[in-house]
Amino acid sequence: MTTLADYLNQHATNPALNDVITTVTDVGKTISQLLRKGALADILGEAGNQNVQGEDQKKLDVLANDLLLDALAKNAHCAGVASEELDDATPANDDGSLLVLFDPLDGSSNIDINMAVGTIFSVLPYERQGQTSENSDYLQAGNKQLSAGYLLYGTSTVLALTIADKVVMFSLDPETSDYVLIEDNVQIDADTSEYAINSSNYRYWRAPMQQYIDELIAGETGLRGRDFNTRWVAAMVGDVHRILCRGGLFTYPFDTKYAHKAGKLRLMYEANPMSLLIERAGGGATDAINRILDIEPTDIHQRVPVVLGSKNEVNYVKELHVNYSK
Ligand code: F6P
Ligand code: MN
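Positions within a chain are numbered from 1, following the residues in the order the chain's sequence is written. Key to labels: chains lettered from A, ligands numbered from 1, both in the order written. Only residues with pLDDT of at least 70 get local features here, since the model is predicted, and only at 80 or more are side-chain atom pairs given and counted; chain-wide, interface and lining totals rely on the full set of residues. Side-chain metrics in this entry use all non-hydrogen atoms of the structure; hydrogen atoms and water are not considered.

## Observations regarding the sheet that holds strand S5 (residues 98–106)
Then step 1. DSSP bridges decide pairing: two strands pair if at least two such bridges lie between them. Only runs of H or I of at least four residues qualify as helices and only runs of E of at least two qualify as strands under DSSP, and these elements are numbered from the N terminus. With mixed pairing, the eight strands of this open sheet are ordered in space as S4-S3-S5-S6-S7-S8-S9-S10. In this open sheet, the two strands that pair with only one neighbour each are strand S4 (90–91) and strand S10 (179–183).
Then step 2. Pairing analysis gives six bridges linking strand S8 (residues 157–163) to strand S9 (residues 166–172), with the strands arranged antiparallel. For Val158, the partnering residue across the bridge sits in S9 and is Ser171.

Shown next as structure tokens:
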């Protein structure tokens, strides 16, 4: 049996990175316990606030955010923390060498219906050690991430993590509270017949995305010549987990539903960490034209269209978009 602590000792060459990953995953144990208690923990329902994206926050969003923030602020290696739930990044320890970004509770509309939610995190290097970190320090392309991962609080709690080029998975043992290694080299098949999209937004998509989904729905009667199946967890963390387990395509595409937004998902807290995991597992991740990991961010809360998963399918979606814009 290999625990997360064993694995980090054996594989991470950067002790600071081990330490912040341990902090995040320890908080994940607490969040997992709170979720298991459910309504009994008096944590469900609206907190009465809106987050920086103008969405209602659930009580547990706030709690998960605060738990992560407090724990990371105490970690000597952490120079600052940026959360999807907070307007500005929070400076932590000026001498730290790492910045940590997170979506404390992804898919939070699932909490009240007892469905899967998760915590997504990303670690970037801090270049101005000794000085107080600012929002601008986080504006680094996703290809600079030193590590990324998520905790999925589903029927069991699973940690997916990438350090040192590999994607690995751990399952949280509820009896010992250890993360135990269950997959030591996650790989995604290049082909798939499963896709995830919120089709109710069809009329807001660009023509190439409408064409793509039309082709999938036509199945064996259309030009793809085979049937496809839809799955939608309504929590990105759940859809990405399914893709790491058995392949598939996930997209939250560009849409015109909200004029000022380029897509729904956030580059720094969702798209980048998930893209790193997916690429390192052999899949692809694009905004439909460009590689997500190469996007130079201009704002810590910016949104981005996302198409990720099985490589051949992702490349096909990209091809449709590139050809359309020619
Ligand atoms: O964080 C945003 C998010 O909750 C994702 O986790 C999920 O994929 C998506 O939004 C769900 O969107 P919709 O409400 O359109 O189904
Ligand atoms: Mn989210």
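What follows picks up the thread again.
## A closer look at the packing of aromatic side chains
Then step 1. Any Phe, Tyr or Trp ring, taking Trp's six-membered ring, that has another such ring centre within 6.5 Å forms a pair; planes under 30 degrees apart are called stacked, those over 60 apart edge-to-face, and the others tilted. Within the structure shown, the criterion is met by five aromatic pairs.
Then step 2. Relative to Phe170, the ring of Tyr7 lies with its centre 5.7 Å away and its plane at 80 degrees, an arrangement referred to as edge-to-face. Taken together, the residues Tyr7 in helix H1 (residues 4–11) and Phe170 in strand S9 connect sequence positions 163 residues apart.
Then step 3. Geometrically, the ring pair formed by Trp232 and Tyr252 is tilted, given 6.0 Å between the ring centres and 50 degrees between the ring planes. Of this pair, Trp232 sits in the loop between strand S12 (229–230) and helix H5 (236–246) while Tyr252 sits in strand S13 (residues 249–252), and the two are 20 residues apart along the sequence.
Then step 4. For the cation-ring pair, Arg206 lies above Phe254, with the distance from its terminal atom to the ring centre recorded as 3.8 Å.
Then step 5. Sitting over a ring, as applied to charges here, requires NZ of Lys or CZ of Arg to be within 6 Å of the ring centre and within 35 degrees of the ring normal. Over the ring of Tyr258 we find Lys261; its NZ or CZ atom is 4.6 Å from the centre of that ring.

## Here we look at helix H2 (residues 15–37)
Then step 1. Taking 1.5 Å per residue, 23 residues should reach 33 Å; H2 reaches 34 Å between its end C-alpha atoms and fits that length.
Then step 2. With its phi angle positive at about 55 degrees, Gly38 sits one or two positions after the end of H2. To estimate the expected span of a helix, subtract one from its residue number and multiply by 1.5 Å.

## Topic: the site of ligand 1
Then step 1. Here a residue is considered near a molecule or strand provided that any single heavy atom belonging to it is located within 4 Å of it. Asp106, Asn198, Met236, Tyr252 and Glu270 are the nearest of the 13 residues found near ligand 1.
Then step 2. Under the rule applied, a polar contact is a pair of N or O atoms within 3.5 Å (in protein, one hydrogen donor and one hydrogen acceptor; residues adjacent in sequence only if both atoms are side-chain atoms). A distance of 2.7 Å separates an oxygen atom of ligand 1 from a polar atom in the backbone of Met236.
Then step 3. Surface exposure here means Shrake-Rupley accessible area, sampled with a 1.4 Å probe, where a residue is shielded only by the protein chains that are shown. Relative to its unbound accessible area of 400 Å², ligand 1 is 82% covered by the protein chains.
Then step 4. Under the scheme applied here, ten amino acids are nonpolar (Ala, Val, Leu, Ile, Met, Phe, Trp, Tyr, Cys and Pro), four are charged (Asp, Glu, Lys and Arg), and all others, including Gly, are polar. By residue class, the composition of the shell around ligand 1 is seven nonpolar, two polar and four charged.

## Here we look at the domain arrangement of the protein chain
Then step 1. Residue ranges assigned to each domain were obtained from an automatic or database domain assignment. Under the domain assignment used here, the protein chain contains domain 1 (4–183) and domain 2 (194–325).
Then step 2. Here the C-alpha centre of domain 2 lies 23 Å away from the C-alpha centre of domain 1.
Then step 3. At the interface, 47 residues of domain 1 touch 34 residues of domain 2.
Then step 4. By definition, the buried area sums, over both parts, the 1.4 Å-probe accessible area that each loses when the two are put together. Both faces combined, the contact of domain 1 with domain 2 buries some 2,900 Å², and carbon together with sulfur accounts for 61% of it. When checking whether two residues touch, look at their non-hydrogen atoms; a contact exists if any pair is within 4.5 Å.

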